[in-house]
Amino acid sequence: MSNESSMRRVTAIRNGTVIDHIPAGGALRVLDLLGLRDGASVPVSLVMNVPSKKLGSKDIIKVEDRELTGDELARLALVAASASVAIIRAYTVAEKREISLGDEVVNVVRCTFSNCITQHPREPLPHRLRVVDRAEVHLRCHYCGRPQDLDALVKNVI
Amino acid sequence: MVGLITMEDLSNEDVIEVLDAAERLLPVARGESYLPLLQGRILGNLFFEPSTRTRMSFETAMKRLGGDVVNLGDVSTSSVVKGETLFDTVQMVDGYTDIIALRHPRQGAARYAQDAARVPVLNGGDGAGHHPTQTMLDLFTIRQAHGRLEGLDVVLAGDLRYGRTVHSLSHALVRFGCRVVLASPELLRMPSEIVEDLRASGGDVTETTDLHASLATADVVYMTRIQKERFADEDEYTKVAGAYKLHARDLADVRSDMIVMHPLPRVDEIHPSVDSTRHAKYFEQAFNGVVTRMALLCRLLGVDVPGGEA
Ligand SMILES: [Zn+2]
């Protein structure tokens, strides 16, 4: 299978998470979003621009010794809704996890508008972004209504 | 309870209902009759930035209907400065009052307050966001003069970039099928995303820099103030802003029922010579703020205004 051969571009991991089918060029955003770019304490390997039947070309990330949580999957939906996630235990796929962008993204990222009420660090209500267009990943703040720029948004992870 | 945060909270039918109720309340707003529909109810005025006009208008509206008002004190001396969150302030006032009118420098504050409150919240302006009670009083004034909202030719003039008043008004006008002309200096054009939104929802929208050429076919000319601070230097301001002023002599060839509106306060964009023409409607417009807020207070508090169809 072509999928398997592309997976083998990086050494198989014993335990951890494989994030496959990230749209090409999106891997760095994913690392930002998951906090794996700076100060990651686990080994991370990255393959970019691998040929893919589904996407034309794609990126793959392997994270060793860490299983992504539900919260992290919700974040992933923002930048790579098409990605597939496999949890690896003892070199085999122990679990596949679905990613999907719902109608709202709650307490994942904060609104990027500098004059939004949610910029106050002690305001206790949840950070809520409405998904206006799922395919294009257009989001608007529930409170101030401003459209959100994805590149700015991934720097606003809570 | 559901408040009024943006104009999207009201359908066109809702808008007409509120305007009808406001019309029935005119004698009460003028003090010609007393109708204590809101006796025993308390409005909490939460103004986190000074806006004497809007605050007084809410207060008058409540009192004309026999209701009472409590005010958040001066922001500079109240608990807000001590770092209290909006959430906490709203929790406190929510317990004291039946409805809240909120004005806040941060965008999204009204929706936030509504999420935190049990009672309905009326947005009295949040940052560069929405100001629906202003839009409602503008619509009331237009309908009062023309007998309808549908299909009018409306010119919005002056600072269309920073004026939130014209942003929400333009959306409402397009919803009622008005043709909208946006007359402004290049620097102060309506934000492109708003123009795109208006056109996407089927709006007939034209942009121009020539206010005076647009006057002859207008049913409504809505003037706004151009602030000096928007320009690099005084000369530039004088040169540009001069083209967005109205004098009585500019109105020689306009439609006889054309009205001139302005959210006030004005500086010199409308010459006093216009005041005595039949076109001037800005003082009535300001008064209409009370009567439309009366109708909105009744609606959000679930109180029927007598005289409507059963
Ligand atoms: Zn926001």
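Residue numbers restart at each chain and count upward from 1, following the sequence in its written direction. Key to labels: chains lettered from A, ligands numbered from 1, both in the order written. Where totals are concerned, whole chains, interfaces and linings use all residues; where local detail is concerned, this predicted model gives features only for residues with pLDDT of at least 70, and gives and counts side-chain atom pairs only at 80 or more. Side-chain numbers here rest on the full set of heavy atoms in the structure, without hydrogens or water.

Some words on the coordination of the zinc ion
Any two of four tetrahedral donors ideally make an angle of 109.5 degrees at the metal, while pairs among six octahedral donors ideally make 90 or 180 degrees.
All names here are of chain A.
At step 1: Note on donors: an N, O or S atom is included if it sits within 2.8 Å of the metal, or within 3.2 Å for Na, K and Ca, and water is never included, so sites can look incomplete. Binding of the zinc ion to the protein goes through Cys111 (SG), Cys116 (SG), Cys141 (SG) and Cys144 (SG), at separations of 2.3 to 2.4 Å.
At step 2: What the four donor atoms of the zinc ion show is an angle range of 103 to 113° at the metal, which sorts the shape as tetrahedral.
At step 3: Coordination of the zinc ion draws on donor residues from a single chain, spaced C-x4-C-x24-C-x2-C in sequence.
At step 4: Between buried and exposed lies partly exposed: a residue is buried under 20% and exposed over 50% of the maximum accessible area for its type, with that area taken using a 1.4 Å probe on protein chains only. Look at Cys144 and you get buried, because its relative accessible area is 5%. Metal sites are grouped by the angles between bound donors: all angles between 85 and 135 degrees with four donors is tetrahedral, opposite donors over 155 degrees apart with the others between 65 and 115 is square planar for four donors and octahedral for six, and any other pattern is irregular.

Some points on the environment of A:Val108
Residue and element names in this part refer to chain A.
At step 1: Among the structural elements, Val108 can be located in the loop between strand S6 (104–106) and strand S7 (128–133).
At step 2: We classify Val108 as buried; its relative accessible area is 7%.
At step 3: When the C-alpha atoms of Val108 and Asp71 are compared, they prove to be 7.5 Å apart, with 37 residues separating the residues in sequence.
At step 4: In this view, Val108 contacts Ala74, Arg75, Leu78, Asn156, Val157 and Ile158; residues no more than four positions away in its chain are not counted. Helix numbers and strand numbers start at the N terminus; a helix is a DSSP run of H or I with at least 4 residues, a strand a run of E with at least 2. Contacts are assigned to residue pairs that have any heavy atoms within 4.5 Å of one another.

Side note on the pattern of salt bridges
At step 1: Salt bridge, as applied in this entry: a Lys or Arg side-chain nitrogen positioned within 4 Å of an Asp or Glu carboxyl oxygen. Tallying each qualifying case throughout the model produces 28 salt bridges over all chains.
At step 2: Between B:Arg299 and B:Glu17 there is a salt bridge whose closest N-O contact spans 3.3 Å. Residue B:Arg299 is found in helix H11 (residues 282–300), and its partner B:Glu17 is found in helix H1 (residues 12–24); the two are separated by 282 residues along the sequence.
At step 3: In this structure, B:Arg143 engages B:Asp20 in a salt bridge whose closest nitrogen and oxygen atoms are separated by 2.9 Å. In this pair, B:Arg143 is assigned in helix H6 (residues 132–146) and B:Asp20 in helix H1, connecting sequence segments 123 residues apart.
At step 4: A cluster of three or more residues bridged by salt bridges with shared partners is formed by A:Glu67, A:Arg89, A:Glu95 and A:Arg97.

Focus: the confidence of the model for chain A
At step 1: A residue-level look at chain A finds 92% of positions with pLDDT of 70 or above and a mean pLDDT of 87.
At step 2: A residue's pLDDT is the predictor's confidence in that residue, given on a scale from 0 to 100. Considering each helix and strand of chain A separately, the mean pLDDT is smallest for helix H1 (residues 2–7) of chain A, with a value of 51, and largest for strand S8 (residues 138–141) of chain A, with 94.

Some thoughts on the domain arrangement of chain A
Residue and element names in this part refer to chain A.
At step 1: Split by domain assignment, chain A resolves into domain 1 (3–97) and domain 2 (104–154).
At step 2: These domain boundaries are the output of an automatic or database domain assignment. Measuring from the centre of the C-alpha atoms in domain 1 to the corresponding centre in domain 2 gives 25 Å.
At step 3: Taken together, the contacts link six residues of domain 1 with eight residues of domain 2.
At step 4: In this description, buried area is defined as the sum, over both parts, of the accessible area (probe of 1.4 Å) that is lost when the two are combined. Taken over both partners, the interface formed by domain 1 and domain 2 buries close to 700 Å², and the fraction arising from carbon and sulfur atoms is 73%.

Examining the nonpolar core
At step 1: In this structure, B:Met136, B:Leu139, B:Leu156 and B:Leu173 are the most contacted members of the largest nonpolar core, which totals 61 residues.
At step 2: Among the elements that make up this core, the one with the highest residue count is H11(B) (eight residues).
At step 3: Leaving out residues up to four positions away in the same chain, B:Leu173 has contacts with B:Leu139, B:Ile142, B:Val154, B:Leu156, B:Cys178 and B:Val180.
At step 4: In this description, a nonpolar core means a group of buried Ala, Val, Leu, Ile, Met, Phe, Trp, Tyr and Cys residues linked to one another through side-chain atoms lying within 4.5 Å. Formed by 59 residues, the second largest nonpolar core is a distinct cluster that contains A:Val105, A:Ile117, A:Leu129 and A:Leu139.

Considering the interface of chain B and chain A
At step 1: Tallying the contact residues gives 16 residues for chain B and 17 residues for chain A.
At step 2: Surface buried jointly by chain B and chain A totals about 1400 Å² across both partners, of which 52% is contributed by carbon and sulfur atoms.
At step 3: Inspection of the region where chain B meets chain A yields one salt bridge.
At step 4: Identification of polar contacts relies on pairs of N or O atoms within 3.5 Å, with a donor-acceptor requirement for protein atoms, meaning one able to donate a hydrogen and the other able to accept it, and with residues adjacent in sequence counted only if both atoms are side-chain atoms. The tally of links from chain B across to chain A stands at 12 residue pairs in polar contact (both at pLDDT 80 or more).
At step 5: Contributing elements (two or more residues each) for the side of chain B that touches chain A: helix H4 (86–96) and helix H5 (109–116) of chain B.
At step 6: In terms of residue count, H5(B) provides more of the side of chain B that touches chain A than any other element does, five residues in total.
At step 7: Side-chain classes are defined by residue name, with Ala, Val, Leu, Ile, Met, Phe, Trp, Tyr, Cys and Pro counting as nonpolar, Asp, Glu, Lys and Arg as charged, and the others, Gly among them, as polar. A class-by-class count of the residues in the side of chain B that touches chain A yields six nonpolar, six polar and four charged.

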